Amino acid sequence: MKVSGTYTKNILPQEVQRRLERGEKLNLLDVREHDEWEAGHIPGAKHIPLGSLGERHKELDPGEETIVICRSGNRSALACEYLASMGYKVVNMQGGMIEWTGNIEYGKSPCYTGGVML
């Protein structure tokens, strides 16, 4: 995976929050590590750590816009660049969870239990 981290299609966390509050159904992808996910994530987000994206990207719908999230917006920009190169419609949540002020859920990723990937 060759990416430069210069993906430019961005959305601010405040706009994502406004869209969710309006009742929009958004496809949210969180690419942070398991411990970061467990420490708090946006309700309804799908969790695929950046390092697993190569083998799990087919879990995403390439025809639907997906908003990609990480801690600060850097890893999500890399994920966006990678997914866009394969034809996915992706938008980077610039500023990431650091700037997120909306609702947060806590707990384990549904694809991760006790150190074992499912």
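The preceding data block contains the structure.
Okay, the overall build of the protein next. When its secondary structure is counted, the protein shows 4 helices and 7 strands. Secondary structure elements of the protein, listed N to C terminal, follow the sequence β-α-β-α-β-α-β-α-β-β-β. For the protein, the residues scored as buried account for 45% of the 118 residues in total.

What follows is about helix 1 (residues 13-21). Listed as buried for helix 1 are P13, V16, Q17 and R19. Around the axis of helix 1, the buried residues are gathered within 160° of arc, so they sit on the same side. Check the buried side of helix 1 and you find it contacts strand 1 (10-11), strand 2 (27-30), strand 4 (66-69) and strand 5 (90-93). After helix 1 finishes, the residue G23 shows a positive phi value of roughly 90°.

With that settled, the discussion passes to the nonpolar core. With 16 residues, the main nonpolar core has L29, V31, L53, V68, L83 and V90 as its most contacted residues. Among the elements that take part in this core, helix 4 (residues 74-85) stands out by supplying 5 residues, more than any other. Excluding residues that lie within four positions of it along the chain, V68 makes contacts with L29, V31, S76, A79, C80, L83, V90, V91, N92 and M93.

Strand order in this open sheet of 5 strands is 1-5-4-2-3, and the pairing throughout is parallel. Each edge of the sheet is formed by a strand with only one pairing partner; in this case those strands are strand 1 and strand 3 (46-47). Examined bridge by bridge, strand 4 and strand 5 share 3 bridges and lie parallel to one another. By the bridge assignment for strand 5, I67 is matched with V91.

Attention now goes to the environment of C80. Topologically, C80 is positioned in helix 4. Residues C80 and N92, spaced 12 residues apart in sequence, show a C-alpha to C-alpha distance of 6.3 Å. The residues touching C80, leaving out its near neighbours within four places in the chain, are Y7, V68, V90, V91 and N92.

Residue placement: V68 occurs in strand 4. Given the relative accessible area of 0%, V68 is considered buried. In the structure, V68 is positioned 23 residues away from V91 in sequence and 6.1 Å away in space, judged by C-alpha atoms.

This part is about the pattern of salt bridges. Tallying each qualifying case throughout the model produces 9 salt bridges. Of the charged contacts, one joins E15 and R22 as a salt bridge, the two residues approaching to 3.8 Å between their closest N and O atoms. With a relative accessible area of 54%, R22 lands in the exposed category. Of the charged contacts in the structure, one is a salt bridge between R75 and E36, with a shortest N-O distance of 2.8 Å. In this pair, R75 sits in helix 4 while E36 sits in helix 2 (residues 34-38), placing the two residues 39 residues apart along the sequence. A relative accessible area of 24% means that R75 is categorised as partly exposed. A single salt-bridge network, built from bridges that share partners, covers E15, R18, R19, R22, E24 and E65.

Rules used in this analysis
- Residues numbered from 1 in each chain as written.
- Predicted model: local features only at pLDDT ≥ 70, side-chain atom pairs only at ≥ 80, totals over all residues.
- Heavy atoms only, no water.
- Helix = DSSP H or I, 4+ residues; strand = E, 2+ residues; numbered from the N terminus.
- Buried < 20%, exposed > 50% of the residue type's maximum accessible area, 1.4 Å probe, protein only.
- Arc of directions from axis to C-beta.
- Contact = heavy atoms within 4.5 Å.
- Core = buried A, V, L, I, M, F, W, Y, C linked by side-chain atoms within 4.5 Å.
- Pairing = 2+ DSSP bridges.
- Salt bridge = Lys/Arg side-chain N within 4 Å of Asp/Glu carboxyl O.

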